[in-house]
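# Examination of the molecular architecture
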Amino acid sequence: MLCEHYKDALIEAAASGAAPSGELREHLAECASCRAVFGQEQSLFAAIDTGLHAAANAKIPLSLLPRVRARLEEVATPRLGWVQQLVFACTGVVLALVIFLMARPHRAAREELAKQGPVTVPASMPPAKSVNREETSSEGTQIAAIPVNRSHTLRDSTSSPSAASSNPEVLVPPDEREAFARLVGVLNERSDLGASLLAKVPEKEDGLAAVDPLQIPDIEIKPLEGTETETSHGAGEKH
Amino acid sequence: MQELVLNQPVSTARSELVREAAQADARREFEERLAECGQLAFRVARAVLRNTADAEDVAQEALLRAYQSFERLRDRSRFNGWLVRISFRLALDRLRSAKRRDRREALWSQPAHLPPPATVEDVAASKQFQGHLERALEELPEKLRLVLLLSAMEGHTIDEIASMVGVPLGTVKSRIFIARKKLAEKLRCYANTIRTR
Ligand SMILES: [Zn+2]
């Protein structure tokens, strides 16, 4: 029979694994019952420790590490793929930028020409006579601002209305063309009007090199449409 | 302006390469530790689950999560502590769901848990006691259980356990002591089965 007084001390001693000391040791020396219980407690704790060791030190299965390595491979691979995709995307953006930047100077030059056109308009605009002033000024723009190579642009504009509407220097809509044809008709009938009309253009635009090439001699005036309006003007000048 | 525009993707690609290199470094280091870490994760999971196949699944999951956080957890003691906690947590979650499943299955098949036939008395007694112990272990509060398991695991000093769990040394010692006493209380009634051990 365990002596109640020593019960807790006995269990503590068995749990700690240390040898009993002091009063407990003396009691155990005298009391066979407590000695027996102490022995059981020591066995119990030893069994617990053995069981814990068994529970906590299981042998690792051989398949675990290869499985983890395989999963690591799966985890790592999509990341690299993503990086490659990003690099490809960046390269694409860079190429697009390079193409855009290379194409830009041409556009800028065209825009510069377009700006030059309207600036010359008021200078080239003759005093209005019997013809619609706006129509005349618009044609005046073309004639005054277009140097040798501008005739090409003009031809482009007539074949592509949308492009013409976006670029002021090549504006020749059908109704304007018709109006201009009428003007040419009038000029044909009254050559003095044509001469006075066009004679002022070089005077006001003397700073522009674009005017000189337009003074082309030996070309007959014909009431033609499109590109030939230019030559008819040049001829009108000769009159 | 043009240079600025062109330099941006280049620097992005460079930092990407640096990141890739860091990832490769982390992976190499992680693989070097894998044998040790794998054992730690598996043992924690196995002690909780008492089932090798389940413990293997949990250890794998814990190791993958640990790898994904490895760059932030280079400090070895911190990494081991993190791995131990995630393994313990995952194992507990799995144990709970397994218990729910077992309860459902028990409703359909009543005489399921027959004790294994004992051929030698002490082996049977030993197995029986181990079963009681592991069930008692399961009933311990989690913080006591984790520390007790780590203390029973080979290769970890009390100092390392304190560092892994993130508590003072004295707390680890007292937790181990309390945990063993609690187990003893639960197992004292089976003390007759340990006389052959
Ligand atoms: Zn006594």
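If you're wondering where the values come from, they're calculated on a predicted model, not measured in any experiment.

### Section: the overall build of chain A
What chain A contains, in helices and strands, is 10 helices and zero strands. Along chain A, helices and strands appear, N-terminal first, in the series α-α-α-α-α-α-α-α-α-α. Pairs at least 24 residues apart make up 58% of the contacts formed inside chain A by residues separated by at least 6 positions. When the accessible surface of chain A is summed, it comes to about 14,200 Å², and 59% of that surface belongs to carbon and sulfur atoms.

### Digging into the interface of chain B and chain A
For interface size, the figure often reported is the accessible area lost on association. The partner chain A presents 44 residues to the 48 residues of chain B that form the contact. Counting the surface lost from both chain B and chain A, the interface buries some 4,400 Å², and carbon and sulfur atoms represent 66% of this. Ranking the residues of chain B by area buried against chain A places B:Glu56, B:Gln60 and B:Arg180 at the top, with a combined share of 14%. On inspection of chain B and its partner chain A, the count reaches six salt bridges. Residues A:Glu73 and B:Arg27 are paired through a salt bridge, measuring 2.8 Å at the closest nitrogen-oxygen approach.

### Overview of the side chain of B:Arg145
Within the secondary structure, B:Arg145 sits in helix α5 (residues 142-152). In this structure B:Arg145 is buried but unpaired, with B:Glu142 as the nearest side chain of opposite charge at 5.3 Å.

### Quick notes on the coordination of the zinc ion
All names here are of chain A. Only Cys-3 (SG), His-27 (NE2), Cys-31 (SG) and Cys-34 (SG) from the protein coordinate the zinc ion, and they sit 2.1 to 2.3 Å from it. All donors to the zinc ion come from one chain, and their sequence spacing reads C-x23-H-x3-C-x2-C. Of this pair, Cys-3 sits in the segment before α1 (4-16) while His-27 sits in helix α2 (residues 22-30), and the two are 24 residues apart along the sequence. Judged by its relative accessible area of 26%, Cys-3 falls in the partly exposed class. Residue His-27 is classed as buried on the basis of its relative accessible area, which comes to 10%.

### Some points on the environment of B:Gly131
In this fold, B:Gly131 is placed in helix α4 (residues 121-139). Spatially, the C-alpha atoms of B:Gly131 and B:Arg50 are 9.6 Å apart, while their sequence positions differ by 81 residues.

### Considerations on the nonpolar core
In this structure, A:Ile48, B:Phe30, B:Leu83, B:Leu150 and B:Leu183 are the most contacted members of the largest nonpolar core, which totals 75 residues. For this core, the element with the most residues is helix α1 (residues 2-49) of chain B, which contributes 12 residues. The contacts of B:Leu150, once residues within four sequence positions are left out, are B:Leu40, B:Val44, B:Val84, B:His156, B:Ile161, B:Met164 and B:Val165.

### Notes on the environment of B:Leu144
Residue and element names in this part refer to chain B. Of note, Leu-144 is situated in helix α5. According to the relative accessible area criterion, Leu-144 is buried, its value standing at 7%. Linking Leu-144 and Val-172, residues 28 residues apart in sequence, is a C-alpha distance of 8.7 Å. If we skip the residues at most four places from it in the chain, Leu-144 touches Arg-175, Ile-178, Ala-179 and Lys-182.

### Concerning the pattern of salt bridges
All chains considered together, the criterion is met by 19 salt bridges over all chains. Here B:Arg27 and B:Glu31 are joined by a salt bridge, their closest N and O atoms 3.0 Å apart. In this pair, B:Arg27 and B:Glu31 both sit in helix α1, four residues apart, roughly one turn of the helix. By relative accessible area, which is 14% here, B:Arg27 ends up buried. Taking relative accessible area as the criterion, B:Glu31 reaches 27% and is therefore assigned partly exposed. What emerges from the salt-bridge pattern is a single network uniting A:Arg67, B:Asp54, B:Glu56, B:Asp57 and B:Arg94.

What counts, and at which threshold
Residues numbered from 1 in each chain as written. Chains lettered and ligands numbered in written order. Predicted model: local features only at pLDDT ≥ 70, side-chain atom pairs only at ≥ 80, totals over all residues. Heavy atoms only, no water. Helix = DSSP H or I, 4+ residues; strand = E, 2+ residues; numbered from the N terminus. Contact = heavy atoms within 4.5 Å. Areas by Shrake-Rupley, 256 points an atom, 1.4 Å probe, with all protein chains shown as cover. Buried area = accessible area lost by both parts, 1.4 Å probe. Salt bridge = Lys/Arg side-chain N within 4 Å of Asp/Glu carboxyl O. Buried < 20%, exposed > 50% of the residue type's maximum accessible area, 1.4 Å probe, protein only. Lys, Arg positive; Asp, Glu negative; His and termini not counted. Donors = N, O, S within 2.8 Å, 3.2 Å for Na, K, Ca; no water. Core = buried A, V, L, I, M, F, W, Y, C linked by side-chain atoms within 4.5 Å.

Any link to function would need more than the numbers given here.
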